[in-house]
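Okay, here's what each chain looks like letter by letter:
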Amino acid sequence: MKIMVSCEHGGDTIPEEWKHLFDGKHDAMLSSRTCEYGVRWLYDSIVPEIADYADIAEVSQIVVDVDGSIGNGTALSEITSELSAQDAGKIIRDYYLPYQIEFEDRAECWAQDGESMLMVGLHTFEPVVRNIPLGMDIGLIFDHTDSEERSLALRIKRGFEKNAPWLRVRFNAPHKVKEDGFVQHMRDMYGSRGLKGIEIEVGENVIFPEGIKTIKNTITDVITKWKEESRN
């Protein structure tokens, strides 16, 4: 089994040629966050432990969201979607397609070699939305109709119950599977050829050094054992 780890919202870079778009746009920037707080720390701790291939998007999602869809109009932000077709196309070609195509190419090579695959998408979320606490610390997002994904999610949840029972873990929250999300895109392309996917959402309230260590150890221990069992 090969494991790939993606992190679509870990970067806050605004390329120099597009910075002028965001001058005086503070309200719009706040409504579409530049990046997810702490997810890079999570990514940096997990990737060395389990990943055969990994990548983190360096360009901010307020420029282009590599977890969005061109077809559904969710790849460009409310600001960059107002650009001319030529400029919007340049952003897509420069920053969106290279990120996704590299994952697709790796998956294609592994599929041709007969490898099964697991794609892990890492995200963080705000624990309070519109002044309402979400009442959770960890979210595991998976295709509930797929027995293997459901089994892996249950094992990760049990791992947290054992190692960190104070962390509140929920399934398919704070959102359900995104039909236009990148993990779902990879399921659509390679699910029939052995790819499984899971997204792990971590509350920003538990993103601190000791919290990261506990979360990383639980996730990587469960996935490592799951990978070893898949070889048997």
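Just above, that's the structure.
Positions within a chain are numbered from 1, following the residues in the order the chain's sequence is written. Predicted model: local features are reported for residues with pLDDT of at least 70 only, side-chain atom pairs are reported and counted for 80 or more only, and whole-chain, interface and lining totals are derived from all residues. Based on all heavy atoms of the structure, the side-chain values leave hydrogens and waters out of the count.

### With respect to the layout of surface pockets
For step 1, the next point in the chain: Its boundaries defined by the atoms lining it, the second largest pocket holds a volume of some 180 Å³.
For step 2, the next point in the chain: Grid points spaced at 1 Å over the protein atoms alone were grouped into cavities, where a 1.4 Å probe fits but cannot get out, and pockets, open sets with protein on both sides within 12 Å along at least five of seven lines, with lining residues defined by an atom within 4 Å of a point. In terms of lining, the second largest pocket is formed by Arg-155, Arg-158, Gly-159, Lys-162, Asn-163, Thr-218, Asp-221, Val-222 and Lys-225.
For step 3, the next point in the chain: Among the elements of the structure, helix H4 (147–163) and helix H6 (209–231) are those that each provide at least two residues to the lining of the second largest pocket.
For step 4, the next point in the chain: Of all the elements, H4 adds the most residues to the lining of the second largest pocket, at five residues.
For step 5, the next point in the chain: A breakdown of the residues in the lining of the second largest pocket according to their chemical character gives one nonpolar, three polar and five charged. Grid points are joined across faces, edges and corners, and a volume is the space filled by probe spheres set on the points. In this text, helices come from DSSP runs of H or I with a minimum length of four residues, and strands from runs of E with a minimum of two, each type numbered from the N-terminal end. Under the scheme applied here, ten amino acids are nonpolar (Ala, Val, Leu, Ile, Met, Phe, Trp, Tyr, Cys and Pro), four are charged (Asp, Glu, Lys and Arg), and all others, including Gly, are polar.

### Re the packing of aromatic side chains
Geometry of an aromatic ring pair is reported as the spacing of the ring centres plus the angle between the planes.
For step 1, the next point in the chain: Stacked, edge-to-face and tilted are the three classes for Phe, Tyr and Trp ring pairs, Trp counted by its six-membered ring, which pair at centre distances within 6.5 Å; planes under 30 degrees apart are stacked, over 60 edge-to-face, the rest tilted. Per the counting criterion, the structure on display carries six aromatic pairs.
For step 2, the next point in the chain: The interplanar angle of 55° and the centroid separation of 5.2 Å between the aromatic rings of Tyr-99 and Phe-103 together place this pair among those described as tilted. Separated by four residues within a single helix, Tyr-99 and Phe-103 lie in helix H3 (residues 85–112), roughly one turn from each other.
For step 3, the next point in the chain: Residue classification places Tyr-99 among the buried positions, given a relative accessible area of 5%.
For step 4, the next point in the chain: Every member of this aromatic cluster is reached through a ring pair, and the members are Tyr-53, Tyr-99, Phe-103 and Phe-182. The buried label goes to any residue with under 20% of its type's maximum accessible area, the exposed label to any with over 50%, and the partly exposed label to all in between, with areas taken from a 1.4 Å probe on protein chains only.

### Some thoughts on the sheet that holds strand E3 (residues 117–125)
For step 1, the next point in the chain: Here a strand pair is declared whenever DSSP counts at least two bridges between the two strands. Across the sheet, six strands lie side by side as E2-E1-E3-E8-E6-E7; this open sheet has mixed pairing. Where the open sheet ends on each side, the last strands, each with one partner, are strand E2 (53–56) and strand E7 (169–171). Direction aside, neighbouring strands of the sheet carry axes that sit 15° apart on average.
For step 2, the next point in the chain: Looking at chain direction, strand E1 (residues 2–7) and E3 are connected through five bridges and run parallel. Bridged to Ser-6 within E3 is Gly-121.
For step 3, the next point in the chain: The criterion used for residue contact is that any of the two residues' heavy atoms lie within 4.5 Å. To define axes, lines are fitted to C-alpha atoms, for helices over the stretch in contact only, and angles between the resulting N-to-C directions are given on a 0 to 180 degree scale. Strand contacts of H3: E1, E2 and E3, with the helix running at about 170° to E1, the strand carrying the most contacts.
For step 4, the next point in the chain: Against the sheet, helix H5 (residues 182–190) makes contact with E1, E3, strand E6 (138–141) and strand E8 (195–203), and its axis sits at roughly 170° relative to E8, the strand it touches most.

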